[in-house]
Structures are given as C-alpha cells and as structure tokens.
Amino acid sequence: MNTVHLLDDDTVNKIAAGEVVERPASVVKELIENAVDAGATVIETEIMAGGTSLMRVTDNGCGMSREDAELAVKRHATSKIKSGEDILTVPTLGFRGEALPTIAAVSRFSLVTRRAEDELGVSVRIMGGKKPEISDAGAAPGTTVKAEDLFFNTPARKKFMKTTHTEGMKINDCVVKAALAEPGISFRLINNNKVSVKTPGTGSLRDAIVAVYGGAVGESLLPLSFEDEDVKITGFLTKPSMLRSSRAWQTFIVNGRVVENKAMARAVDNAYHSLLPKAGYPLAVLVVEVPARSVDVNVHPRKAEIKFEDEGRIFKAVYKAVVDAVRPEGQSLEQVAAVARVPIHHDGTGGPSLSVASFDAGDGGREPASLPRPFRPTVPFAGKEDAANFAEVQRELLEEKRFSTEPARPVYEQQRIEPLVADAPEDKDDSPMAMVPIGQVALCFIIAQDGDTLYIVDQHAAHERILYDRFSALAENMASQQLLVHLLLDFSPRESELLEERQEIFQKLGFDLAKCGENQFRLCSLPADIPVGEAETTLRKILGWLMEMHDPTAAEIRHACLAMTACKAAIKRGDELNLRQMQLLLEELSRTARPYTCPHGRPTILRFTGGELAKMFKRT
C-alpha cells in the first residue's frame, strides 16, 4: 500500500489559506488588490465585528463574464500572468490566482459580478470550500465579494485571532495604506455601520493624506522628490513638530505595491534623526518607481515583502531624498552634512555629494554617538540639607532652564545594558541605602560609592522609577494642571474612536479631553508633571501603546500610561546636576520598592564590589 498520496483540493485550499489568509485584514487586502487590478475608481469596504462575522468589498471595476467568474474561484486561475517569465515584469498587484479560492475555503463566500456590456450578472456561492453554486443575478457593473463567518470550519485558526477591536484596526490600516497607494481611487471603510475612512479619489497624494490623517497633518507636510537614471522617489514627510513614537505612520510604495522594507525604513531613520533634534518618527509616504525587472515581488505568501536587485542603491536614494526634503531652504549640502555628521565626498564632477557609507543599513537608525565628555570629579557630599526636598530641586532646575528639551528615545530602541552583577541583591541590607555621589559622566550617569562598592546610576532611569512610584501611590486621579489656553488637537478616526472608548482612563491619568469636532478634541488639563509642550506627544504615544496592546486590562493601561508620564517628566540625558541634586536623587531612589530597574525594565544601577573591580584589573 502506498504511503505517499495526493491531497484533495479541499485540503490543499485550507493549507494555502493558512499562508494567504492570516487574519481578516489579509482577506480585505487581497480583495482590494483585485478591485484595483480591475480598474475600479470607487472601492467600498464594510466589516462587522472586526471582520470576523462579515467582510464585503464592492468596486465599480470591469467585472467578469460567467466563464471568468467560474474559473476565478479555482486555484491558480488568473488573468494577470500567462507564464513564469511574466512574474518578472508583472504590472498588477495580484498574480498567483490564490486569493478567491483560499478565502472561499475558510468562510461562507459569495461573489456577484457584472460587466457593463452584459444584461445580467453572475452569482457564485461557496460554503467553506465546497462545490460552487453558480446562478444569474441582477447587479450593477463591477464586483462585490462577501466573506462571512471567517474560519468557521477551522476553529484552531479562529482561536488565534485577536479581539474584534484589534482586528478592526488592522483592517483600518490596510484600507488606509491602499488609499495612500492609489490616491486616484475613492476609498470608503464602514466599520460596524460607521464610516471610519473616506478619501476623495482626486489623484492627489496630499488630499489622500489629509483625508486619512486630518488637516493638522496636511499643514505639516514636506514634499519629497528624487530622480536619477532609473530610480524615482516622490511623496511626503512631516515636519519635526509632527512626530509619532512608532513607524505606524510610515508607508512605502514600490511600483504601486505597499511593501515592508527594512532598508527604506532605516534610510528614513538615519536621514531624519541625524538632522533633527527631536526623537520620534515622521509620517512618511514614499512612492518609489524602479524598473520592474529590478525587484522580486514573489518572495512572500502575502506579497508584503519584496527584494531589490541593488538594495544599497535604494537605501542611498531614499536617504538623499529625505535629506533634501528636511533641510532648510538655502542651506548648503555641507551645512546639512555638518549637522548630520555625514562625510562629504566629491563625485568627480566638481560638485559635493552626500556619502552614506557611514550609515550601515543594519544599524537600526541610531544617531551617531557624540564625543565622550571628560569625567569631572567633585567634592564628596558632606551631609543632608533639609531646606529643600527633591520636588523643589526639580522645579528650581526647570526655572533655571537647565533641562534639555529632547525627549527620551522609545524604550524598544534603547540598547539594553547588561549589568556585570546581579540586578537586585536578595539581601535587603545589601540595597543601595548609603550611596555618596562622586561626580557625573557624560551628563547622563552618576558615579557614587558606598564603602568598597562602586555604583553607576542612569539619572534618567532612576528618576523615572522615583516618579513612577510616586504616581502609582495615588489611588485615584493624578494631580492635573488646568490650561489657561486650551489645546485643539486633531486625531485620525482610529485615534478618535480609541479616545472616546478610553475616556475614563485618560481622566484618571489627569487628561481632561472634550470632543469639539468630528476628529478633534480640546485638551483642558493634563498631568501636573507633564510640560505643556509634551502634552500632545505624550497623548499620542499613549494612544500608540493602546493600539498595540492586545485587549489590555485597566491595570495594564494604567501601568503603560504612568510609565510614559514618568518618562516624559524625568530628568533627561544632558541635564547637568550638582552634588546636592545628585544626593537627593540617590536618596529618593533608595526609598523606592524596586530601585534597580525603571518601569520599563531597564537597569537603573550597575554595582561593582571592590573584589569585582580587582578581578577586572587582574589583581587577583
């Protein structure tokens, strides 16, 4: 008896569905791409319960004949390519012929389509990959595809889906990116009977960005343009005043296809972060056009990733385009390079050009390190001064304007430092209770001693821990400050929905927000420790975390928000402290419950005993 056998079509389709249909957003993406390829100018998407119960995509494209509709639901049936050679130059978004049959294999599927020249349309119904039911149907020109009860026949896959809110946001992102890639098409997303995305389809990328992200973003856009022999880049970036804490705002479009590409993302990071003082990520919509044969689009089941023939060249082109977009008008290339710390080389034509050799595409977009500052020893602290507490010292520093305005980098970007000894001693008597400051290194680290033990303390992380514990001790609402002049803030539809859902949480954290427009809120008060200039950045970062969390509890939200608030209010790297201020910081830290880590889990203290120092100097 043979042990090797061919799988039946139903099983094959379900296996393929595991690769192509990862979640409801994958279904919407495939159907929108089919609508774009069909020449549609209007595409409407409707979902219910995050797409788990209903997804419907309707377009006004060319439609299909009865024969084509029957073939379209069979595996590897496509009108996009005819041979393997065509994949190298495929001009369409789809080409594998897998989307419709794999969607039909894991849902209650229906398709209604009609060409403009036909009197009647055709209806195709498939129940979980079974035999299609085909009949005539009245329909407007175009195609409507509906997928209901996704994964009803694959319960194991259904268990791995996130909450309906999370899945709905993924679909929202999918429609937004499609709208940015095709500004000439009018998109509309209806989520639970409410319109959440609507674009005009004027053909203007700026109009599409404003429709999706709001008027405030439109006012902050910087046009971007680059062209050489066979690479053309256009699009928009936002000014330094309009940054976010994650790359969710960044969209990369190559030959009309929305893709994920690390080299392009790092090129934006390197160019943008090295030229601008404020940490964060700009909105970036980059439209790249390259010869079709120089990219491979057939490297990912969902066609989300591509490979360039010369990725280094694309990296350099994107970097140059971003640099040109963000440099002030009239500023020379040499001046930009001086600010960015990028070497200048001459290309042989007599004109200077930027060298990106110093920016490795794998460096994660970190800023170039500054020159080390010399260590400045100071006189040991003689004793406590009970005239002022730590809060007064902080206010004093603020009044003297000695605090840097640069916010801390996002936690996931900071390099984790591995302590040379245990993070926290098990013996309570071994906790840092009597640290005496010696000095400050690089305006970031406090050097202290306790008997024969040496301590290196990260001043920002330490202050974060102090403030977090202080905020956590407040059982109910945090202290807030009323704003004399209220701030009017514009949000995306997705952010507005989240603000309304979590209004009570924000109030307990000290944010008083009142809706005053379709996607606009008035900020009336904010936590007392947050500077007014950091209010919008803090709010948007909290919103970003809420979007990324999977069904967060109230306690998780509170922790994330308090950690964010503590980070924004804490002493920054670059703040110069005197001995008195260092001593007060160390005393406050020693009284916290977890002095060895900040709220994000990074170490606050590195500890070296005399014996360990002797080993390091090979004295034992």
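Residues numbered from 1 in each chain as written. Predicted model: local features only at pLDDT ≥ 70, side-chain atom pairs only at ≥ 80, totals over all residues. Heavy atoms only, no water.

Participant: Lay out the overall build of the protein in plain terms, naming residues and giving numbers.
Facilitator: In terms of regular secondary structure, the protein is built from 19 helices and 27 strands. When each of the 620 residues of the protein is scored for burial, the buried share is 49%. Here the contacts in the protein between residues at least 6 apart in sequence split such that 70% fall between residues at least 24 apart. With the model as given, the accessible surface of the protein reaches about 30000 Å², and the carbon-plus-sulfur share is 52%. (Helix = DSSP H or I, 4+ residues; strand = E, 2+ residues; numbered from the N terminus. Buried < 20%, exposed > 50% of the residue type's maximum accessible area, 1.4 Å probe, protein only. Contact = heavy atoms within 4.5 Å. Areas by Shrake-Rupley, 256 points an atom, 1.4 Å probe, with all protein chains shown as cover.)

Participant: Tell me about the packing of helix 13 (residues 459-472) against helix 18 (residues 579-590), and please be specific about residues and values.
Facilitator: Relative orientation of the contacting elements helix 13 and helix 18 amounts to 50 degrees, with a least axis distance of 9 Å. For the element pair helix 13 / helix 18, the angle class is oblique. In the crossing of helix 13 with helix 18, the sense of the turn from one axis to the other is left-handed. Contacts between helix 13 and helix 18 involve Gln 459, Ala 462, His 463, Arg 465, Ile 466 and Arg 470 from the former and Leu 585, Glu 588 and Leu 589 from the latter. (Axes fitted to C-alpha atoms, helices over the stretch in contact; angles between N-to-C directions. Parallel < 35°, antiparallel > 145°, perpendicular 65-115°, else oblique. Left-handed = near helix turned anticlockwise from the far one by under 90°.)

Participant: Break down the pattern of salt bridges for me, with residues and values.
Facilitator: Pairing of side chains with opposite charge becomes possible as their charged atoms draw close. By the definition in use, this model includes 20 salt bridges. Between Asp 230 and Arg 313 there is a salt bridge, with its nearest N and O atoms 2.8 Å apart. Here Arg 313 lies in helix 10 (residues 311-326) and Asp 230 lies in the loop between strand 9 (221-227) and strand 10 (232-238), a separation of 83 residues in the sequence. Exposure remark for Arg 313: the relative accessible area of 31% places this residue in the partly exposed category. (Salt bridge = Lys/Arg side-chain N within 4 Å of Asp/Glu carboxyl O.)

Participant: Describe the sheet that holds strand 1 (residues 42-48), naming the residues involved and giving the relevant values.
Facilitator: In spatial order, the strands read 5-4-3-6-2-1-7-8; together these 8 strands make up an open sheet with mixed pairing. Pairing within the sheet leaves two strands with one partner each, and these edge strands are strand 5 (133-137) and strand 8 (194-198). The average angle at which neighbouring strand axes cross in this sheet is 15 degrees, direction not considered. Here strand 3 (residues 108-114) runs beside strand 4 (residues 121-127); their pairing, made up of 6 bridges, is antiparallel. When the bridges of strand 4 are listed, Leu 111 appears paired with Val 124. Contacts from helix 2 (residues 24-37) reach strand 1, strand 2 (54-59), strand 6 (142-148) and strand 7 (186-191) within the one sheet, and its direction differs from that of strand 2 by about 10 degrees. (Pairing = 2+ DSSP bridges.)

Remember, this is a structural readout, not a statement about activity or role.
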